[in-house]
Amino acid sequence: MEGLQSRQVTFLERVRLLPLSILVSVREARMALQALPFVISKDFLRTEFWRRALFSGRTPWRLSKDFYAERAASDIHCFGETPLVTLARIQRRAGICSHHKVLEVGSATGRNCFWLATVIGCRVVGLEHIPGFVSRADRVVSQTGCSERVRFISGDMGDSLPGEPDIIYLYGSNLDDDLIARFARRCCEKGEGVRVITVSYPLTDYLPDSYELIDCFPAIFAWGVTTVYVQKVVRPA
Ligand SMILES: C[S@@+](CC[C@H](N)C(=O)[O-])C[C@H]1O[C@@H](n2cnc3c(N)ncnc32)[C@H](O)[C@@H]1O
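Fair warning: this is a prediction, and the values are worked out from it, not measured in the lab.

Rules behind the numbers
- All chains use their own residue numbering, which begins from 1 and follows the written sequence.
- Since the coordinates come from a predicted model, pLDDT governs what is reported: local features require at least 70, and pairs of side-chain atoms require 80 or more to be given and counted, while whole-chain, interface and lining totals use all residues.
- Strands are runs of DSSP state E lasting at least two residues, helices are runs of H or I lasting at least four, and both sets are numbered from the N terminus onward.
- Radius of gyration means the value over C-alpha atoms here, while the globule rule gives 2.2 Å times the residue count to the 0.38 power.
- Between the buried cut of 20 or more and the exposed cut of 12 or fewer other C-beta atoms within 10 Å of a residue's own C-beta lies the partly exposed class, and all C-beta atoms are placed from the backbone.
- Contact between residues is assigned whenever the C-beta positions, reconstructed from backbone atoms, fall within 7 Å.
- For each residue, a C-beta atom is placed from the backbone, and the residue is labelled near a molecule or strand when this atom is within 6 Å of it.
- Charged residues are taken to be Asp, Glu, Lys and Arg, nonpolar residues to be Ala, Val, Leu, Ile, Met, Phe, Trp, Tyr, Cys and Pro, and polar residues to be all remaining types, Gly included.
- All domain edges in this entry derive from an automatic or database-based domain assignment.

**Things to note about the overall build of the chain**
Logical step 1: If you tally the helices and strands in the chain, you get eight helices and seven strands.
Logical step 2: Against the globule reference of 18 Å for 237 residues, the chain gives a C-alpha radius of gyration of 19 Å, in line with a compact fold.
Logical step 3: Projected onto its principal axes, the C-alpha positions of the chain cover 60 × 45 × 30 Å.
Logical step 4: Within the span of the chain, comprising 237 residues, buried residues form 31% of the whole.
Logical step 5: Contacts spanning at least 24 positions in sequence make up 69% of the contacts within the chain whose residues lie at least 6 apart.

**Overview of the site of the ligand**
Logical step 1: Around the ligand, 21 residues are found, and the nearest of them are Glu81, Thr82, Gly106, Ala108 and His129.
Logical step 2: For the shell around the ligand, a count of residues per class yields eight nonpolar, nine polar and four charged.

**Remarks on the domain arrangement of the chain**
Logical step 1: If you check the domain split of the chain, you get domain 1 (11-39) and domain 2 (84-233).
Logical step 2: If you average the C-alpha positions of domain 1 and of domain 2, the two centres end up 28 Å apart.
Logical step 3: Listed as interface residues are five residues of domain 1 and, on the opposing side, four residues of domain 2.

Structural data, given as structure tokens:
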């Protein structure tokens, strides 16, 4: 493997990979189609227009990769998104309604926050540690005038969590155990009864006495099926 360097995919390689890439596109198109009933909202589509426009020069994957590469992180390809169909399923199963205050931890481009705010009507805060995500999400807010319902905060989930949420959502499947344990403790500071939704691991694995698992169900992500856990704080910090 010595002497190998990064390089572009050649035209011939692209042609050879065409059947596979069609398969992937069909899968993605199917997921997009399934999400259709959940995106038919003028306000959400307006946020989507600006969000996509602001990320057209530098994709979220690239932005995230550059951020982690600069910090010499061990996994620089950890970006991922909750598919909208899955977000809608989580919203239904967890009973997220318009009167809820939701905190999305690791809000990335803000799409989930915009969806919860514009389609469901929640008040939403997104916490994110990549500044390029927060600045762009803030611009979507100012372009669409939804600042009463959504705001974004730059910060680290292990340090502190903003606001007084009823529900906290975290999708971060590559986070190390120490960070998840700190996050679990931070959520307990928000008080008894606060519900925390996590993907792939329950917080009862980290703080068994502080949480009660109230639901778990399978959900689809781009890379496959995993379990979503809904737990509530029973012993606040
Ligand atoms: C897998 S992505 C999920 C994006 C979005 N929540 C979703 O479900 O579509 C995880 C996000 O968490 C952010 N993140 C990772 N570690 C973080 C930390 N310590 N504090 C705040 N955000 C973090 C990443 O930058 C990334 O945007």
